[in-house]
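The chain contents come next:
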Amino acid sequence: MITIPEQLVIRPPSEAMSLLVKVVRGCSWNRCLFCGIYDLYGERYSLRSLEEMKKDIVALLELHGDIFETAFLGDADPMALDTGFLVEVIRYLRERFPSLRRVTAYGRSSSLWKKGLVELKELHACGLDRIHVGMESGSNRILAFHKKGASKVQHIEAGLKVKEAGMEISFYFLTGLGGELWWEEHVRESADVVNAVKPQFLRIRRLWIHPASRLIPRIKSGEFVPQTPEGTVRELKELIERLDAEGTVILSDHANNYIHVQGRLMKDKKDMLENINAFLELPDDAREKHYNSVLSVI
Ligand code: SF4
């Protein structure tokens, strides 16, 4: 009987060319107010067995061949899984796909924070190279409001531990997450986290409040006031102004962003800020037209 490998719900845009391996279904946390992605796709959280994983990996090899240089492990938080299980899966994957040069995974700060340094080193030793972490914000108030289940300290400690274990870390910063009420705190506290961790990558995202968002009742009650499009651009500007994380590469690699910046700190900081300022100096109607032309997609 032919095995059809299970598909991931989402992956980072930077993993578009990667072999996608589903080591867990859905999100074990699934509470963040700004998210709801797995509910949207009807994917409920459940574990997968090692036997299932091996079958999937063999099926992926039969389907594609050993043609990939990179692989990505999902769904939401493989780092919450048992380390022994992950090590077995990654070893098996690396053996079957010897052309792989990089294996990455999503991971929540809180899950990474709970893992010991020895466990993270074990994961790196068996072939895990990079973790994509949804930092979203460094503000404890905003993290708690959105039920992220992680704190500023956890972001920092988890990020530093991943780096100490020899792996790369890719943080995601979500512009708009503090809304109009807390945007300054959002930027200030997030910059603190990035400066403390100096992640290899900082990826910029924009909060999109879709019609079924868990945030809608909070907006109706006035607890959350959505940020304006221009507000998200100003957040990005202020964030970059505050960053001194030497070596961190900043990327806006998602279609929802109003402004696309790309560069390495501190070398390209001035250029990135000049690009943002040049946009903000455009006439009002040109900026408004641009905001209206940018789509909101998953
Ligand atoms: S943002 Fe991440 S942790 Fe939060 S519900 Fe979505 S997938 Fe789960």
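Whatever comes next refers back to the structure up there.
Being a predicted model, the structure only gives us computed values, none of them experimental.

J.: Could you give an account of the pattern of salt bridges, naming the residues involved and the relevant values?
T.: Between side chains of opposite charge, a pair can form as their charged atoms come close. Using the criterion set out here, one finds 29 salt bridges in the structure. E230 serves as the salt-bridge partner of R287, at 2.8 Å between the closest nitrogen and oxygen. In this pair, R287 sits in helix α12 (residues 284–293) while E230 sits in helix α10 (residues 229–242), placing the two residues 57 residues apart along the sequence. When sorted by exposure, R287 lands in the same class as E230, which is buried. Here D284 makes a salt bridge to R287, at a shortest N to O gap of 3.1 Å. Within this pair, D284 and its partner R287 are both found in helix α12, separated by three residues, close to a single helical turn. Among the residues examined, D284 registers a relative accessible area of 57% and is labelled exposed. The network of salt bridges with common partners includes E6, R25, R48, E52 and D56.

J.: Describe the packing of helix α5 (residues 117–126) against helix α7 (residues 152–164), naming the residues involved and giving the relevant values.
T.: Interaxial distance between α5 and α7 falls to 9 Å at its minimum, and their mutual angle equals 50 degrees. It follows from the interaxial angle that α5 and α7 lie oblique. For α5 against α7, the interelement crossing comes out right-handed. Taking contact as the criterion, the partners of L117, L120 and K121 in α5 are, on α7, K161, V162 and E164. The residue inventory of the contact of α5 with α7, partitioned by class, reads three nonpolar, no polar and three charged.

J.: I'd like a rundown of the site of the ligand, residues and numbers included.
T.: As a structural note, the neighbourhood of the ligand is formed by C27, N30, R31, C32, F34, C35, Y38, A76, R108 and K148. Of the residues in the shell around the ligand, the class split is six nonpolar, one polar and three charged.

J.: Summarise α7; cite the residues concerned and give the values.
T.: In this model α7 runs 18 Å from its N-terminal to its C-terminal C-alpha over 13 residues, within 8% of the 18 Å that 1.5 Å per residue would give. Restricting attention to buried positions, one finds in α7 the residues K152, Q154, H155, I156, A158, G159, K161 and V162. G166 sits one or two residues past α7 and shows a positive phi near 100 degrees.

J.: I'd like a description of helix α11 (residues 269–280), backed by residues and values.
T.: Across its 12 residues, α11 extends 17 Å between first and last C-alpha, which sits within 8% of the 16 Å expected from 1.5 Å per residue. Where α11 is buried, its residues contact α10, β9 (249–251), β10 (262–264) and α12.

J.: Describe the environment of A158, and please don't skip the residues or the numbers.
T.: Turning to its location among the elements, A158 is positioned in helix α7. By relative accessible area, A158 is classed as buried at 1%. Spatially, the C-alpha atoms of A158 and K115 are 8.8 Å apart, while their sequence positions differ by 43 residues. Dropping the residues within four chain positions of it, A158 is found in contact with S109, L112 and W113.

J.: Just give me the short version of the nonpolar core, but keep the residues and values in it.
T.: Ranked by internal contacts, the top residues of the largest apolar core, which has 64 residues, are V21, L73, L93, L128, L202 and I250. Residue contributions to this core peak at seven residues, all from helix α3 (residues 83–96). Excluding residues that lie within four positions of it along the chain, L128 makes contacts with L73, M79, I90, V103, T104, A105, L123 and M167. In this structure, I142, L174, L215 and F224 belong to the second largest nonpolar core, which totals 11 residues.

J.: So what's going on with the sheet that holds strand β7 (residues 168–175)? Residues and values would help.
T.: Here we have eight strands laid out as an open sheet, ordered β1-β4-β5-β6-β7-β8-β9-β10, and mixed in their pairing. Strands with a single pairing partner mark the edges of an open sheet, and in this sheet they are β1 (19–22) and β10. With strand direction ignored, the average angle separating the axes of adjacent strands in the sheet is 20 degrees. Examined bridge by bridge, β9 and β10 share three bridges and lie antiparallel to one another. Directly across from L251, in β10, lies its bridge partner Q262. Its contacts with the sheet place α7 against β6 (130–136) and β7, and it is angled at close to 150 degrees to β7.

Parameters at a glance
- Residues numbered from 1 in each chain as written.
- Predicted model: local features only at pLDDT ≥ 70, side-chain atom pairs only at ≥ 80, totals over all residues.
- Heavy atoms only, no water.
- Salt bridge = Lys/Arg side-chain N within 4 Å of Asp/Glu carboxyl O.
- Helix = DSSP H or I, 4+ residues; strand = E, 2+ residues; numbered from the N terminus.
- Buried < 20%, exposed > 50% of the residue type's maximum accessible area, 1.4 Å probe, protein only.
- Axes fitted to C-alpha atoms, helices over the stretch in contact; angles between N-to-C directions.
- Parallel < 35°, antiparallel > 145°, perpendicular 65-115°, else oblique.
- Left-handed = near helix turned anticlockwise from the far one by under 90°.
- Contact = heavy atoms within 4.5 Å.
- Nonpolar A, V, L, I, M, F, W, Y, C, P; charged D, E, K, R; others polar.
- Near = heavy atom within 4 Å.
- Expected span 1.5 Å × (residues − 1).
- Core = buried A, V, L, I, M, F, W, Y, C linked by side-chain atoms within 4.5 Å.
- Pairing = 2+ DSSP bridges.

None of the figures reported here should be taken as evidence of function without further support.
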